[in-house]
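Listed below, chain by chain, are the residues.
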There are 2 protein chains.
Amino acid sequence: MNNSEILIIDDEVQIRKLLNITLQSNDFKVIEAASAGEGLIMAANHPPDLILLDLGLPDESGHSVLKKLREWYAKPIIILSVLSSEEDIVKALDNGANDYLIKPFRTGELLARIRSALRVTSHEDKGPLVDCNNLQIDLSARTVKKNNEIIKLTATEYTLLSLFAKNEGKVLTHHYLLQQVWGPGYIDQSQYLRVFIAQLRKKIEEDPNQPKFIITESGVGYRFVIDK
Amino acid sequence: MNNSEILIIDDEVQIRKLLNITLQSNDFKVIEAASAGEGLIMAANHPPDLILLDLGLPDESGHSVLKKLREWYAKPIIILSVLSSEEDIVKALDNGANDYLIKPFRTGELLARIRSALRVTSHEDKGPLVDCNNLQIDLSARTVKKNNEIIKLTATEYTLLSLFAKNEGKVLTHHYLLQQVWGPGYIDQSQYLRVFIAQLRKKIEEDPNQPKFIITESGVGYRFVIDK
DNA sequence: ATTTCATTTGAAAATATTTTAAGTAAATGA
DNA sequence: TCATTTACTTAAAATATTTTCAAATGAAAT
């Protein structure tokens, strides 16, 4: 099973069709955007697990789209482009692209490069078994245990908690959390955050009224601590 | 500055020479191996930050070397090969290669792909900029500790203290502090400053009546000192 | 079509922070 | 030294933020 979601940003219908069929038949979920503007909005409202970006878009340069995405988007971006000059390749890679394929590309190779990119970035999550204190978060198994009982967390709750676990001790601002969990289109929806923090505390804290793990930093954000 | 160490595993002397010069002039440290056996040993004895691996080695198939490396080596491996078949590329990527360049390659592109691979795998933990004297201010985590206990500071208190920390030893005028913390509309509200300085002292000073960290410069402003 | 579960939205109650004000202490300059 | 200015402390009033609860919406699964 795969389930990773891939956003295609490309103005050519035929390419999108081809990619869509190829990817779907390999168990990826696919969403499509036909322009830079559309792509940026879709990425912001529903961040995918990987982005395939064409450099030759009608409304805005692909390099510029790449830069805008990289201001907040940390997952893989693979460039697909007819441009084959070394200059374009180097520029794209240095602007944060993870890979660069020249059109026309071989679909088998594209799939392998997608698998590789997803493997590498998820590999980073695999801090084996990260936290302890009658609370165990296993980022590689995607499980959370309290007193050795597995706790059921929804997708959003887990994303939020894993962000905290990866940044133990640091204050994470509302802005940052909303951007990473919901996407940059939601940076002023602090209410979402409050509701989900409350749910998380209900599930992982001994006494949700006296939280020991998720500490409120009023006016700023939240901080995750594990006292050792 | 760079300092990353790269291991080249390739049997062709000319390629190794070329790579060596290119990489060294880009501030990489380079080590070379001319065969699979040699490469595996060197990698094991002194694990580099990245490996450039040729698939066409005399003593052992590159694919096999790749598999052996991946049993324990987690950092980037980039394949350099004359083999351009999709089969080889897919196989290498699925065996754990991070990237695959077909020889002859463009050096600029190789360098960019090396930078990209290193960027992705290195999760840069910012060195926490700290001040010491049983008082620790971690600007990247946004936390302040006194005697190793985290002190709760409000947003305004923290902004003020971090301003002091960033300007240790300098006298900061009322005017400047008010402008930086509250904004230019508040430059004559020195009362705010007095209240918040008092609160800060209560929280961080051993004896708030004999402040050691935040020193009053009467008529001018305040100065933050840490005696080492 | 129905049920279930997660997410979103809204609004009152509880907390925390900032501002204001008033009394006291300390520093400065003639 | 005294008069004056500047600084400190404290606590209440005013604001702002966070928590909590619950209902509405939406999406997926049967």
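For the structure itself, consult the block above.
So, here is what we can say about the structure in this document. (Residues numbered from 1 in each chain as written. Chains lettered and ligands numbered in written order. Predicted model: local features only at pLDDT ≥ 70, side-chain atom pairs only at ≥ 80, totals over all residues. Heavy atoms only, no water.)

Let's talk about the overall build of chain A
- Looking only at helices and strands, one finds 8 helices and 11 strands in chain A.
- With respect to the three principal axes, the spread of C-alpha positions in chain A is 55 × 35 × 25 Å.
- Counting only residues that meet the buried cut, chain A has 51% of its 228 residues in that class.
- For chain A, the exposed area adds up to about 10700 Å²; of that, 51% sits on carbon and sulfur atoms.
- Chain A carries 27 positive and 31 negative side-chain charges, and their two centres are separated by 5 Å. (Helix = DSSP H or I, 4+ residues; strand = E, 2+ residues; numbered from the N terminus. Buried < 20%, exposed > 50% of the residue type's maximum accessible area, 1.4 Å probe, protein only. Areas by Shrake-Rupley, 256 points an atom, 1.4 Å probe, with all protein chains shown as cover. Lys, Arg positive; Asp, Glu negative; His and termini not counted. Charge placed at Lys NZ, Arg CZ, Asp CG, Glu CD.)

Describing the interface of chain B and chain A
- Facing the 34 residues of chain B at the interface are 34 residues of chain A.
- Summing the contributions of chain B and of chain A, the shared interface buries around 2600 Å²; its carbon and sulfur component is 47%.
- At the junction of chain B with chain A, the criterion picks out 4 salt bridges.
- Measuring nitrogen to oxygen at the nearest pair gives 2.7 Å for the salt bridge that ties A:R113 to B:D99.
- Scanning the region where chain B abuts chain A turns up 17 residue pairs in polar contact (both at pLDDT 80 or more).
- Secondary-structure elements contributing two or more residues to the side of chain B that touches chain A are α4 (86–94), β5 (99–102) and α5 (107–121) of chain B.
- No other element matches the 10 residues that α5(B) contributes to the side of chain B that touches chain A.
- By residue class, the composition of the side of chain B that touches chain A is 13 nonpolar, 11 polar and 10 charged. (Contact = heavy atoms within 4.5 Å. Buried area = accessible area lost by both parts, 1.4 Å probe. Salt bridge = Lys/Arg side-chain N within 4 Å of Asp/Glu carboxyl O. Polar contact = N/O pair within 3.5 Å; in protein donor to acceptor, adjacent residues only side chain to side chain. Nonpolar A, V, L, I, M, F, W, Y, C, P; charged D, E, K, R; others polar.)

Let's talk about unusual backbone geometry
Residues and elements named next belong to chain A.
- Residue P104 follows K103 across a cis peptide bond; omega there is -5°.
- In this structure, P104 sits in the loop between β5 (99–102) and α5 (107–125).
- The backbone of N147 sits at a positive phi, close to 50°, despite the residue not being glycine.
- With respect to the helices and strands, the residue N147 is situated in the loop between β7 (143–146) and β8 (149–150).
- A relative accessible area of 44% places N147 in the partly exposed class.
- Residue N148 is not a glycine yet carries a positive backbone phi of 70°.
- Within the secondary structure, N148 sits in the loop between β7 and β8.
- On the accessibility criterion, N148 (58% relative accessible area) is exposed.

Remarks on the protein's contact with DNA strand D
- Close to DNA strand D lie 21 residues, the nearest being A:R194, A:R201, A:T216, B:T216 and B:Y222.
- The protein-proximal atoms of DNA strand D, defined as those within 4 Å of the protein, are 70% sugar or phosphate.
- For DNA strand D, a base oxygen lies 3.2 Å from a polar atom in the side chain of B:Q191.
- Here a phosphate oxygen of DNA strand D sits 2.8 Å away from a polar atom, N or O, in the side chain of B:R201.
- Listing elements by their share of the surface near DNA strand D, those giving two or more residues are α8 (190–204) and β10 (214–217) of chain A together with α8 (190–204) of chain B.
- No other element matches the 6 residues that α8(B) contributes to the surface near DNA strand D.
- Across the surface near DNA strand D, the residue classes break down as 4 nonpolar, 11 polar and 6 charged. (Near = heavy atom within 4 Å.)

Topic: the packing of aromatic side chains
- The final tally for this structure, using the stated rule, is 12 aromatic pairs over all chains.
- Every member of this aromatic cluster is reached through a ring pair, and the members are A:W182, A:Y186, A:Y192 and A:F196.
- The residue whose ring lies beneath B:R142 is B:Y158, and the NZ or CZ to ring-centre distance is 4.1 Å. (Phe/Tyr/Trp six-rings, centres within 6.5 Å; stacked < 30°, edge-to-face > 60°. Lys NZ or Arg CZ within 6 Å of the ring centre and 35° of its normal.)

Some thoughts on the protein's contact with DNA strand C
- Close to DNA strand C lie 17 residues; A:T156, A:Y192, B:T154, B:T156 and B:Y192 are nearest.
- Sugar and phosphate atoms form 73% of the subset of DNA strand C atoms that lie within 4 Å of the protein.
- B:Q191 is positioned such that a nitrogen or oxygen atom in its side chain is 2.9 Å from a base nitrogen of DNA strand C.
- At 2.5 Å, a side-chain N or O of B:Y192 approaches a phosphate oxygen of DNA strand C.
- Looking at the surface near DNA strand C, the elements that each hand over two or more residues are α8 of chain A together with α8 of chain B.
- The residue inventory of the surface near DNA strand C, partitioned by class, reads 8 nonpolar, 9 polar and no charged.

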